[in-house]
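Here are the chains, one letter per residue:
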Amino acid sequence: MTETTPLVKVGLEIHRQLDTEHKLFCACPTQLAEGPPELRFFRRLRPTQSELGQIDQAALFEFHRGKGITYEADHPASCLVEMDEEPPGRLNPEAIEVCLTAALLTNAEPVDEIHVMRKIVIDGSNTTGFQRTSVVALNGLLTIDGKKIPIDQISLEEDAARKTTQTRDSAGYRIDRLGIPLIEVTTAPVLHSPSEVEKVALAIGNVLRATRKVKRGLGSVRQDLNVSIPEGALIEIKGVQELELIGKAVQLEVDRQSSLLRIRDELRRRGVQSSTISRNYTNLTAIFQKTKARVIREAISKGGSVLGMRLEHYGGLLGRELGVSNLRFGTELSGRATFWAGVGGIFHSDELPSYGITETEVSEVKEMLHLENDDAFVLVADNPERATDALNAVADRAAEALVGVPEETRNAMPDGSSRFIRPRPGAARMYPETDVPPVPVTGSIIARLRSTLPETPDELAERLGKQYSLNQKLSRQLVNSEYLSLFERTAKECSNIQPSYIATMLTETCKSLEREDFPIHEINDQKMGSIFQLVDDGRIAKEAMPDLLKWQAKNLGLDPSEGIKELGLKMMSSNELEAIINRHLEKNRKILEEKGSAAFPSLMGSIMSEVRGKTDPKLVTEMLKKKLNKAT
Ligand SMILES: [Zn+2]
């Protein structure tokens, strides 16, 4: 992976949950439910005809696939509004003020009146079949490293329900997240390198945190990227969760588009035209009557068929990597087949023999399909209708490869690569929400917010340094950190521990524990706070805190005091400590006689290795010195 990017253009869309008291259109709190759901209800989404008129083909197709949705609900995390049994209330004024504050901090112009719109979303993630969204401000500008970055738009949206289950025919969503206010910040597509995109995302994150009203932790931030390269296409990558992954996601998308352009050139050299892509499929079921390939065997046993198609001159290209080893051109073909036909058993010649399909079966398929040297084939095992739809989708995608990169919406994967979700939706997908009255943005609201504007990230860093005697690096890290509010609260409440210790724990230590795969970010603020309190009260040693954090990250529902017991971190009494020191002195009597007080370092080392994390090292030093003075 290199940072040579052929004039890549990237726009960022950052979504972040607001930490308001109530949801956007009702009085429910903005905390997710824990434990099993209280009730379930089943819906099929039925948008009205006029609404359907504005849906693009792909969305309509998804809808007609007729998925049923099971929703899970809880009190107090949701009410009749989320269930779509009661109309929404007025826009939450607290959420509006957070967005206006972010607008002022990014020099954006608030709109005169906030209008709520409906954006059609019929994947089931919203009980209404649409998401409510409203523009709050336009035309902002952030200066980052001397470069002016236009902030096109700041919007206020409702978060969607969270998916809990997914099968071929149905999906399950929990509606506790539905309706949590989300701020959306959109930059112009003016970013030109992975590192620049990362820098801008960090800067926007800092501005949002400066409002002190955004949530942190898993799922509270989602970053979407719009990436295009010359001759490529505009690709929307959804849901990059971690800041650290943004640069990589951009680079991998550039690599993917460049690879697709090379495949296009190769196909053109081989003389492929869309008219040469055959849509005559051959029934190959007979070849697989005794197959060991599980997926195919199961499909046949359910009365399905194996259909195959020849892709003339595509040989060797289906296995071609698109920037990363687990994403190949063949993956793109099967992604399409899965979307349009919902099939699972799809195979191509560049990956066979494998998956239980033998060499002999492969040669028989080649013979049946009259394959030539530089040809490829694709097989699908499913009911004949579905298999035909799947191969049609493969043929469409294969034809698009001749043009280059098709416009798509893709899903970000944890490794930074992406997978096809659906074709890019058309633009006309919004219409007014008539249940919610518009909210005027008056001059007096703006004047009040302007006069109480929170510190900018730079001002904040300076104040933290002064107020808590932190060095510049540490205060910067805090500004960039999700734990800023927790830091200030803890520093105020825990007077026995140094702010620099709290800051180091919350930045460097937490980061290094995350790197060791302990999901520290999943520990909530209240638990983090009580762990610091334990240190402050002298109930555990400072040195023991990382171990307790690791334990807490793996036992999110338990109380930290149970971790102290389980890990044996309880501080020892001074009597216990004295007994241990005496034992070490006894054991080392000879060395002590020879060296006298010069034996201190080695004794201290061996005692500390026994008591580390259970007592304050200062106490050990004092007690040991006293005893050595007495003994010599
Ligand atoms: Zn509610």
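Shown above is the structure to which this text applies.
None of the values given here were measured: they were computed from a predicted structure. (Residues numbered from 1 in each chain as written. Predicted model: local features only at pLDDT ≥ 70, side-chain atom pairs only at ≥ 80, totals over all residues. Heavy atoms only, no water.)

J.: Whenever I open this one, the overall build of the protein chain confuses me. Can you help?
T.: Across its full length, the protein chain carries 21 helices and 23 strands. In terms of principal-axis extent, the alpha carbons of the protein chain reach across some 95 × 70 × 50 Å. Counting only residues that meet the buried cut, the protein chain has 53% of its 632 residues in that class. A sequence separation of at least 24 residues applies to 74% of the contacts in the protein chain between residues at least 6 apart. (Helix = DSSP H or I, 4+ residues; strand = E, 2+ residues; numbered from the N terminus. Buried < 20%, exposed > 50% of the residue type's maximum accessible area, 1.4 Å probe, protein only. Contact = heavy atoms within 4.5 Å.)

J.: Could you clarify how one ought to interpret the pattern of salt bridges in this entry?
T.: What the rule picks out here adds up to 52 salt bridges. For Arg222, the salt bridge goes to Asp159, with nearest N and O atoms at 2.8 Å. With Arg222 in strand S12 (residues 221-228) and Asp159 in the loop between strand S8 (147-158) and strand S9 (162-166), this pair connects stretches of sequence that are 63 residues apart. Relative accessible area serves as the criterion here: at 1%, Asp159 is assigned to the buried category. The network of salt bridges with common partners includes Glu253, Arg256, Glu332, Arg336, Arg397, Glu400, Glu408 and Arg410. (Salt bridge = Lys/Arg side-chain N within 4 Å of Asp/Glu carboxyl O.)

J.: Explain the packing of helix H16 (residues 545-554) against helix H17 (residues 560-567) here, please?
T.: Working note: a packed helix pair is described by the angle between its axes plus the distance between those axes. Viewed as axis vectors pointing N to C, H16 and H17 meet at an angle of 115°, and their least axial separation amounts to 10 Å. Between H16 and H17, the angle falls in the class roughly perpendicular. The crossing of H16 and H17 is right-handed. From H16, Asp547, Leu548, Trp551 and Gln552 reach across to H17, where they touch Pro560, Glu562, Gly563, Ile564, Glu566 and Leu567. Residues that form the contact of H16 with H17 fall into these classes: 5 nonpolar, 2 polar and 3 charged. (Axes fitted to C-alpha atoms, helices over the stretch in contact; angles between N-to-C directions. Parallel < 35°, antiparallel > 145°, perpendicular 65-115°, else oblique. Left-handed = near helix turned anticlockwise from the far one by under 90°. Nonpolar A, V, L, I, M, F, W, Y, C, P; charged D, E, K, R; others polar.)

J.: Help me understand the sheet that holds strand S19 (residues 376-382), please; the structure alone is not making it clear to me.
T.: As a general point, the strands of a sheet are linked pairwise by backbone hydrogen bonds and lie either parallel or antiparallel. Read from one edge of the open sheet, 4 strands run S14-S15-S19-S18, paired in antiparallel fashion. A strand with exactly one partner marks an edge of an open sheet, and here the two such strands are strand S14 (282-283) and strand S18 (345-348). Here S14 pairs with strand S15 (residues 305-311) via 2 bridges, running antiparallel. Its bridge partner lying in S15, Thr282 is registered against Gly308. This element, helix H8 (residues 359-368), spans S14 and S19 of the sheet and lies at about 105° to S19. (Pairing = 2+ DSSP bridges.)

J.: Please explain the coordination of the zinc ion as it appears in this structure.
T.: Four donors placed tetrahedrally about a metal ideally form angles of 109.5 degrees, and six donors placed octahedrally ideally form angles of 90 or 180 degrees. Here the zinc ion is held by the protein donor atoms Cys26 (SG), Cys28 (SG), Cys79 (SG), Glu82 (OE) and Glu82 (OE), which lie 2.3 to 2.5 Å from it. Binding-site remark: the zinc ion is held by donors from one chain whose sequence spacing is C-x1-C-x50-C-x2-E. Of the two residues, Cys26 sits in the loop between strand S1 (9-17) and strand S2 (39-44) while Glu82 sits in the loop between strand S3 (68-73) and helix H3 (93-105), which places them 56 residues apart along the sequence. Residue Cys26 shares its accessibility class with Glu82, and that shared class is buried. (Donors = N, O, S within 2.8 Å, 3.2 Å for Na, K, Ca; no water.)

J.: Quick question: what am I supposed to make of the side chain of Glu157 here?
T.: For Glu157, the location among the structural elements is in strand S8. For Glu157, a relative accessible area of 3% puts it in the buried group. At a separation of 3.3 Å, a polar atom in the side chain of Glu157 contacts the side chain of Thr133. Excluding anything up to four places from it in sequence, Glu157 contacts His15, Leu24, Lys119, Gln131, Arg132, Thr133, Ile180, Pro181, Leu182 and Glu184. (Polar contact = N/O pair within 3.5 Å; in protein donor to acceptor, adjacent residues only side chain to side chain.)

J.: I keep staring at the sheet that holds strand S10 (residues 170-174) and nothing clicks. Help me out?
T.: As summarised here, the arrangement of the 4 strands in space is S2-S3-S10-S9, forming an open sheet in which the pairing is mixed. The sheet is open, and its two borders are formed by S2 and S9, each paired with just one other strand. For this sheet, the mean angle separating the axes of adjacent strands, direction not counted, is 25°.

J.: Whenever I open this one, helix H18 (residues 574-587) confuses me. Can you help?
T.: With 14 residues, H18 should reach 20 Å at 1.5 Å per residue; the first-to-last C-alpha distance of 20 Å fits that figure. Residues of H18 that are buried include every one of Leu577, Ile580, Ile581, His584 and Leu585, and no others. End-on, the buried residues of H18 take up no more than an arc of 140°, which puts them together on one face. The exposed set on the far side of H18, more than 90 degrees from its buried face, consists of Asn575 and Lys587. (Expected span 1.5 Å × (residues − 1). Arc of directions from axis to C-beta.)

J.: Explanation requested: the state of the cysteines in the structure shown.
T.: Simply put, the disulfide is a covalent bond whose two ends are the sulfur atoms of two cysteines. Applying the stated criterion to the full structure yields 0 disulfides. With no disulfide partner, Cys99 has as its closest neighbouring cysteine sulfur the one in Cys26, 17 Å distant. Free of any disulfide, Cys494 has its nearest cysteine sulfur in Cys510, 14 Å distant. (Disulfide = S-S within 2.5 Å.)

J.: It is not clear to me how the nonpolar core should be interpreted in this structure. Could you clarify?
T.: Nonpolar side chains tend to gather and get buried jointly when the protein is soluble and globular. Counting residues in each nonpolar core, the largest one holds 97 residues, and the members touching the most others are Leu91, Leu156, Leu225, Leu311 and Tyr314. Look past the residues within four positions of Leu91 in its chain and what remains in contact with it is Leu24, Phe25, Ile96, Ile114, Val116, Ser134, Leu156, Val436 and Val439. Formed by 39 residues, the second largest nonpolar core is a distinct cluster that contains Tyr468, Leu470, Ile497 and Val535. (Core = buried A, V, L, I, M, F, W, Y, C linked by side-chain atoms within 4.5 Å.)

J.: What am I meant to see in the pairing of S12 here?
T.: Where a strand is regular, its side chains alternate between the two sheet faces. The buried count for S12 comes to 8 of 8 residues, which makes it a mostly enclosed element. Burial along S12 is two-sided: Val221, Gln223, Leu225 and Val227 facing one way and Arg222, Asp224, Asn226 and Ser228 facing the other are all buried. For S1 and S12, the ladder comprises 8 bridges, and the chain directions are antiparallel. Paired with Gly11 across the bridge in S12 is Asn226.

J.: Explain helix H5 (residues 246-269) here, please?
T.: Under the 1.5 Å per step criterion, the end-to-end length of H5 is 35 Å for 24 residues, consistent within 8% with the ideal 34 Å. Across the 24 residues of H5, 19 count as buried, placing the element largely inside the fold. After H5 finishes, the residue Gly271 shows a positive phi value of roughly 80°.

J.: Please explain the pairing of strand S6 (residues 117-120) as it appears in this structure.
T.: Burial along S6 is one-sided: the face carrying Arg118 and Ile120 is buried and the face carrying Met117 and Lys119 is not. When S6 meets strand S7 (residues 130-144), the two strands line up antiparallel, connected through 4 bridges. Considered in S7, the bridge of Met117 is made with Thr133.

J.: Can you walk me through the side chain of Arg419 in this structure?
T.: Counting through the fold element by element, Arg419 comes out in strand S21 (residues 418-423). The side chain of Arg419 sits in the buried core without any salt bridge; Asp415 is the nearest counter-charge, 5.3 Å away. Within the structure, the side chain of Arg419 is placed 3.2 Å from the side chain of Ser417, a separation counted as a polar contact. Excluding its chain neighbours within four sequence positions, the residues that come into contact with Arg419 are Asn326, Leu327, Thr331, Thr409, Arg410, Asn411 and Met413. (Lys, Arg positive; Asp, Glu negative; His and termini not counted.)

J.: Even after reading the chapter, I still don't get the environment of Arg450, so can you show me in this structure?
T.: Among the structural elements, Arg450 can be located in helix H10 (residues 443-451). For Arg450, a relative accessible area of 52% gives the class exposed. For the pair Arg450 and Val394, spaced 56 residues apart in the sequence, the C-alpha separation amounts to 55 Å.

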